2 protein chains.
Amino acid sequence: MSDITGAPEGPPPVEALVDDPVYRAAVIDLLGVLAYTELVAFERLAADASLAPSIADEAALALMATAEIRHFTRLAERLAELGADPAGAMQPFAEPILEFHAQTAPGDWVESLVKAYVGDGIATDFYREVAEIVDPETRDLVLEVCGDTGHANFAVATVRAAIEQDPRIGGRLALWGRRLVGEAMSQAQRVAAERDALASLIVGGMDRPGLGLDGLGAMFGRLTDNHTSRMQTLGLQA
Amino acid sequence: MSDITGAPEGPPPVEALVDDPVYRAAVIDLLGVLAYTELVAFERLAADASLAPSIADEAALALMATAEIRHFTRLAERLAELGADPAGAMQPFAEPILEFHAQTAPGDWVESLVKAYVGDGIATDFYREVAEIVDPETRDLVLEVCGDTGHANFAVATVRAAIEQDPRIGGRLALWGRRLVGEAMSQAQRVAAERDALASLIVGGMDRPGLGLDGLGAMFGRLTDNHTSRMQTLGLQA
């Protein structure tokens, strides 16, 4: 971005950083964590389909799960193009992602839909924020795989209908939403503490632009606001 | 099929039976049971991917699961073309198929692969046999969705390698294979007892060709032989 005088405004263009080995490691981390997120989301959504109360709902959820695997394939291909081993790039994130899912195994069909909508929503918001500070090619790919899978509308309609039918489940689902965010945050902190390159890509290092500490605070504010409105969309208190 | 004199040989062509409401009900049953088989196979394979010992194996299994959902979609579309409600056509088979899976939940990664290879193998063989006695359009669709998903080679290579590494698991897996067949047979009998149109399509009724009782016996012989050679391919006793 430059103003009409041609003088640079804000951080230098990130395109220039592609040859930087630290930047490259951070991008591989970013694509790796995103790829494993998609792979596990696929497995969980497909398995959760079996919780559906009707075959029509079951089929709808199964078809949505396949969108995640298409995203996974795109990310794995891009990692290979960058000369990285896709499985190796995902490996560092396996434990926190699996731990998140182990701590948030849905107890029933409605919990699985709240998890898919609220959990995917916050993850997608986060990856979209990070997309703004990476090179255009990486950004386009991240935005593409964060695209809507049609899941959101289905989840919202089904959860709202379930609450309408039995308003008492609202309290339980509100607590469930808080637990999902809490677990997601605690695993995200763990990743940030363990993956230096990715953390400094996001916060910004000496020679790289990033969100900065203020920007990081603002980002968390936006993530929280969006989470609150998703909970409201479901008819739940955040 | 006719000989060179033009005289009919064997059963009348099944094309002529498409307008028969009993035949139509049987075809809808056939496509319905096949569709629900694929949908549940998809969910289970996707969930089993999380048992994989490596991310590369996990990704391979997840990608194979998606073949099942493509097959499911083709079958659901065909049911709709025939004027049937796809979910309604699958419903009668939900309980026996879910019961089969509940009774044969794999305890580990290798059991899940044996189940996928041996279970899918016997189901596919059965549907291919039935394909021979239905109208050409139904036959082509059944054969298409029974096509290889690439799963077989992966399962064989992985199971053989696991047995090579620890020959003691061979005994347990051989028992597992027998249990899979036993459960499949008992659920198939249940379906046959409950679904008259489908059962008489297969055995043959007064005005329809079918396998006949002799043919049914011969078919079970072929299914058993193929099962035995699949077990041998895995390095297991049938």
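Residues numbered from 1 in each chain as written. Chains lettered and ligands numbered in written order. Predicted model: local features only at pLDDT ≥ 70, side-chain atom pairs only at ≥ 80, totals over all residues.

**As for the overall build of chain A**
Reasoning step 1: In terms of helices and strands, chain A carries 10 helices and 0 strands.
Reasoning step 2: Each helix (α) and strand (β) of chain A, taken in turn from the N terminus, gives the series α-α-α-α-α-α-α-α-α-α.
Reasoning step 3: A principal-axis box enclosing the C-alpha atoms of chain A has dimensions of 60 × 35 × 35 Å.
Reasoning step 4: The proportion of buried residues among the 238 residues of chain A is 39%.
Reasoning step 5: Pairs at least 24 residues apart make up 74% of the contacts formed inside chain A by residues separated by at least 6 positions. (Helix = DSSP H or I, 4+ residues; strand = E, 2+ residues; numbered from the N terminus. Buried ≥ 20, exposed ≤ 12 C-beta atoms within 10 Å, placed from the backbone. Contact = placed C-beta atoms within 7 Å.)

**Brief notes about the relation of the copies chain B and chain A**
Reasoning step 1: When chain B is brought onto chain A, the operation consists of a screw motion whose angular component is 180 degrees and whose axial shift is 0.0 Å, with 0.0 Å RMSD remaining. Such a turn and shift between the copies fits a two-fold axis. When each C-alpha of chain B is compared by its distance to the rotation axis, B:A47 comes out closest, at 2.7 Å. (Least-squares fit on C-alpha atoms with pLDDT ≥ 70 in both.)

**Comments concerning the interface of chain B and chain A**
Reasoning step 1: Tallying the contact residues gives 22 residues for chain B and 22 residues for chain A.
Reasoning step 2: Breaking the side of chain B that touches chain A down by element, the ones donating at least two residues are helix 1 (21–48), helix 2 (55–81) and helix 3 (86–90) of chain B.
Reasoning step 3: Among the elements that take part in the side of chain B that touches chain A, helix 2 of chain B stands out by supplying 10 residues, more than any other.
Reasoning step 4: For the side of chain B that touches chain A, the per-class residue count stands at 16 nonpolar, 4 polar and 2 charged. (Nonpolar A, V, L, I, M, F, W, Y, C, P; charged D, E, K, R; others polar.)

**Describing the packing of helix 2 of chain B against helix 6 (residues 136–145) of chain B**
Residues and elements named next belong to chain B.
Reasoning step 1: At a closest axis distance of 9 Å, the pairing of helix 2 and helix 6 adopts a crossing angle of 160 degrees. Relative to helix 6, the element helix 2 is oriented roughly antiparallel. Crossing geometry of helix 2 relative to helix 6 is assigned as left-handed. From helix 2, H71, R74, L75 and R78 reach across to helix 6, where they touch L141, E144 and V145.
Reasoning step 2: Residue composition of the contact of helix 2 with helix 6, by class: 3 nonpolar, 1 polar and 3 charged. (Axes fitted to C-alpha atoms, helices over the stretch in contact; angles between N-to-C directions. Parallel < 35°, antiparallel > 145°, perpendicular 65-115°, else oblique. Left-handed = near helix turned anticlockwise from the far one by under 90°.)

**Some remarks on the environment of B:A62**
Reasoning step 1: Tracing the backbone through its elements, the reader meets B:A62 in helix 2.
Reasoning step 2: Take B:A62: there are 27 C-beta atoms within 10 Å of it, and that puts it in the buried class.
Reasoning step 3: Along the backbone, B:A62 and B:F100 are 38 residues apart, and their C-alpha atoms lie at a distance of 22 Å.
Reasoning step 4: For B:A62, the residues in contact, after removing those within four places along its chain, are A:L39, A:F42, A:E43, A:I69, B:A46 and B:A49.

**Things to note about helix 6 (residues 136–145) of chain A**
Residues and elements named next belong to chain A.
Reasoning step 1: Looking at helix 6, one finds that the buried residues are T138, L141, V142 and V145. Around the axis of helix 6, the buried residues are gathered within 100 degrees of arc, so they sit on the same side. Of the residues in helix 6, the exposed ones pointing more than 90 degrees away from the buried face are P136, D140 and E144. (Arc of directions from axis to C-beta.)

**Remarks on the nonpolar core**
Reasoning step 1: Core analysis: the biggest nonpolar cluster contains 123 residues, and A:A46 and B:A46 have the highest contact counts within it.
Reasoning step 2: Once residues within four sequence positions are removed from consideration, B:A46 is found in contact with A:F42, A:E43, A:A46, A:A47, A:A65, B:A62 and B:A65. (Core = buried A, V, L, I, M, F, W, Y, C linked by C-beta atoms within 7 Å.)

**Some details on the packing of helix 5 (residues 109–131) of chain B against helix 8 (residues 169–194) of chain B**
Residue and element names in this part refer to chain B.
Reasoning step 1: Taken N-terminus to C-terminus, the directions of helix 5 and helix 8 make an angle of 40 degrees; their axes are 10 Å apart at the nearest point. Relative to helix 8, the element helix 5 is oriented oblique. As for how helix 5 packs across helix 8, the hand of that crossing is right-handed. Where helix 5 approaches helix 8, its residues V110, E111, V114, K115, V118, G119 and I122 are matched on the opposing element by I169, L173, W176, G177, L180, V181 and A184.
Reasoning step 2: Among the residues forming the contact of helix 5 with helix 8, the class breakdown is 10 nonpolar, 2 polar and 2 charged.

**So, the confidence of the model for chain A**
Detailed reading of the predicted model is not advised wherever pLDDT is low.
All names here are of chain A.
Reasoning step 1: Across chain A, the average pLDDT comes to 87, with 91% of residues at or above 70.
Reasoning step 2: Counting interchain partners and residues more than four positions distant, the pLDDT-below-50 stretch residues 1–17 has 17 contacts.
Reasoning step 3: Among the scores for the predicted complex, ipTM is 0.82 and pTM is 0.84. (pLDDT = per-residue confidence, 0-100.)

**Structural notes on the environment of B:A162**
Residue and element names in this part refer to chain B.
Reasoning step 1: Mapped onto the secondary structure, A162 falls in helix 7 (residues 151–165).
Reasoning step 2: Classification of A162 by C-beta neighbours within 10 Å gives buried; the count is 21.
Reasoning step 3: Considered as a pair, A162 and D125 are 37 residues apart in the sequence and their alpha carbons are 26 Å apart.
Reasoning step 4: Apart from residues lying up to four places away in sequence, A162 is in contact with V110 and I169.

**What about the environment of B:L213?**
Reasoning step 1: With respect to the helices and strands, the residue B:L213 is situated in helix 10 (residues 212–234).
Reasoning step 2: Along the sequence, B:L213 and B:D166 sit 47 residues apart, while their C-alpha atoms lie 44 Å from each other.

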